[in-house]
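Inside the fold
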Amino acid sequence: MSVLSLDNITKSFAGNAILNGVSLEAGQGEFIALVGPSGCGKSTLLRIVAGLDHADSGEIAIGGRNVSSLAAADRNIAMVFQSYALYPHLTAGQNIAVPLAMRRLTAAQRLPFIGDFLPGQRQIRADIQRQVREMAASLKIDHLLDRKPGQMSGGQRQRVALARAMVRRPSVFLMDEPLSNLDANLRVHARGEIVELHRRAGVPTLYVTHDQSEALSMADRVAVMIGGTLLQLAPPQEIYDDPAHIEVARFLGQPRINVLETRMDATGLVRFGALTLAVETAPPSERRVLIGVRPEFVRLRPGTDGILRARIERTEFLGSEVIIHARLDAIGETIVARIAPADAATLSTGMPVSVEIEPSRMMLFATTGERLRAKTVAIASSRERAHG
Ligand SMILES: Nc1ncnc2c1ncn2[C@@H]1O[C@H](COP(=O)(O)OP(=O)(O)OP(=O)(O)O)[C@@H](O)[C@H]1O
């Protein structure tokens, strides 16, 4: 059963459309990473789900119940912000206890001094302390419970914020770039921790990040949003290998996917170097089409007999791989290849090279961005090309 469901959420600020009908469903225990360029509306969507902001239209349901008109406090949603938003004057233990105290103690019972004398509060406070200690133990922050946020490192504050979010067993988790204040090493470590916590909590999680490796490595499914439109929601490998839109393909992958423009003839055939591809989906009316190929599927070797010819412009040695920029003779555009250092040993700047691309790795897109399904129908041999 789907536990968090967003149906056609729209939002404008001062007449500017920020969310254009976003729909998605997160199942029980599912981790969805929401990615997209800065300003695409990720935080706005999260704030609307949390109830901190209101959609112009659309519906949010949790466990099948429409919560769109409920106040944030009544949605049982936990949110972790980039800033952690811990109370600076409270210790870690007191910060973690806040959501429990808000829920279980009455306003009078929470009052300092007076509250201590009201009936029933002693047992509840003991319970809250026990839950705080258990949560702290599971996150290995027991030793920090008496410290205030100013006395903790960024990573420690982040764990306290997670503990505070998890302690009251929410129905949904929302996280807005919770790792962006940590240094690179700690981030990688914290990814594993969040995934493990999420697995134990078993509640649907929407996790906003601008870091594609975080999204691909942590999520069950990745949602790519561009300009307020959710372009694709799919498991990490599928969204990377089989993007439905050129902007999804461009957003995921480092170095970025190569995009080359070419033309389709009246019968739906696209010729690219020695390859002929046939468009299988309804061809677009526009004859110009885009070919996308990821840098790891571009092979370069000395010589000029491959499907395309190019000249190496620049090489970047990155230790475990080499990024090579080569200018294609036929169209004058640059193609980027990501290759193993051993394969780069015979290549040098200025050298004429032959470019090989495995046909099944070429993706075709309309100029409007939609993916066009295509299959290879012919590969000309170097002899045919020499004489053609
Ligand atoms: N309260 C507001 N009033 C007016 N415009 C707003 C408001 N909140 C957000 N916006 C605008 O809405 C757009 C989306 O903002 P949002 O913070 O959701 O983007 P984002 O994808 O989370 O970006 P980032 O990755 O930079 O955090 C931006 O253009 C922003 O300026």
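Residues numbered from 1 in each chain as written. Predicted model: local features only at pLDDT ≥ 70, side-chain atom pairs only at ≥ 80, totals over all residues. Heavy atoms only, no water.

Judged by pairing direction, the sheet is antiparallel, and its 4 strands sit side by side in the order β11-β14-β20-β21 without closing on themselves. Because the sheet does not close on itself, it has two edges, and the strands there are β11 (258-263) and β21 (371-372). As defined by bridge partners, strand β20 (residues 363-366) adjoins β21 across 2 bridges and the pair is classed as antiparallel. When the sheet's bridge partners are listed, L364 is paired in β21 with L372. (Pairing = 2+ DSSP bridges. Helix = DSSP H or I, 4+ residues; strand = E, 2+ residues; numbered from the N terminus.)

What follows covers the site of the ligand. The environment of the ligand is made up of F13, I18, P37, S38, G39, C40, G41, K42, S43 and T44. A distance of 2.5 Å separates an oxygen atom of the ligand from a polar atom in the side chain of T44. Contact with the protein chains covers 54% of the free accessible surface of the ligand, which is 640 Å². Considering every element that reaches the shell around the ligand, the biggest residue donor is helix α1 (residues 42-50), with 3 residues. The class makeup of the residues in the shell around the ligand is 4 nonpolar, 5 polar and 1 charged. (Near = heavy atom within 4 Å. Polar contact = N/O pair within 3.5 Å; in protein donor to acceptor, adjacent residues only side chain to side chain. Areas by Shrake-Rupley, 256 points an atom, 1.4 Å probe, with all protein chains shown as cover. Nonpolar A, V, L, I, M, F, W, Y, C, P; charged D, E, K, R; others polar.)

The next point concerns the layout of surface pockets. Considered as a void within the structure, the largest pocket measures approximately 680 Å³ in volume. Considering the residues around the largest pocket, the lining is formed by 21 residues, among which I77, A78, M79, P99 and R168 are closest to the centre. Breaking the lining of the largest pocket down by element, the ones donating at least two residues are β6 (77-80), α2 (92-104) and α5 (154-166). Residue composition of the lining of the largest pocket, grouped by class: 17 nonpolar, 1 polar and 3 charged. (1 Å grid on protein atoms, 1.4 Å probe; cavity = no way out; pocket = protein on both sides within 12 Å on 5 of 7 lines; lining within 4 Å. Points joined across faces, edges and corners; volume = space filled by probe spheres on them.)

Moving on, we get to α5. For α5, built from 13 residues, the straight-helix expectation of 18 Å at 1.5 Å per residue is met to within 8% by its first-to-last C-alpha distance of 18 Å. Along α5, the residues classified as buried are G155, Q158, R159, V160, A161, L162, A163, R164, A165 and M166. (Expected span 1.5 Å × (residues − 1). Buried < 20%, exposed > 50% of the residue type's maximum accessible area, 1.4 Å probe, protein only.)

Attention shifts here to the domain arrangement of the protein chain. Domain parsing of the protein chain yields domain 1 (2-241) and domain 2 (255-387). Domain 1 and domain 2 are separated by 43 Å when their C-alpha centres are compared. (Domains from an automatic or database assignment.)

So, about the packing of aromatic side chains. Per the stated rule, a full pass over the model turns up 1 aromatic pair. Relative to Y207, the ring of F31 lies with its centre 5.3 Å away and its plane at 40°, an arrangement referred to as tilted. With a gap of 176 residues between them, F31 in strand β3 (residues 31-35) and Y207 in strand β8 (residues 205-208) connect regions that are remote in the sequence. Each member of the pair, F31 as well as Y207, carries the same accessibility label: buried. Its end group placed over the ring of Y240, R294 keeps NZ or CZ at 4.0 Å from the ring centre. Just above the ring of F365 sits the side chain of R371; from NZ or CZ to the centre is 5.8 Å. (Phe/Tyr/Trp six-rings, centres within 6.5 Å; stacked < 30°, edge-to-face > 60°. Lys NZ or Arg CZ within 6 Å of the ring centre and 35° of its normal.)

Our next topic: the nonpolar core. The biggest cluster of nonpolar side chains holds 50 residues, and the ones touching the most others in it are I96, I141, I194 and V224. For this core, the leading source of residues is α5, giving 6 residues. With sequence-adjacent residues up to four places away left out, I96 is seen in contact with V132, I141, L145, V160, A163, R164 and V167. (Core = buried A, V, L, I, M, F, W, Y, C linked by side-chain atoms within 4.5 Å. Contact = heavy atoms within 4.5 Å.)

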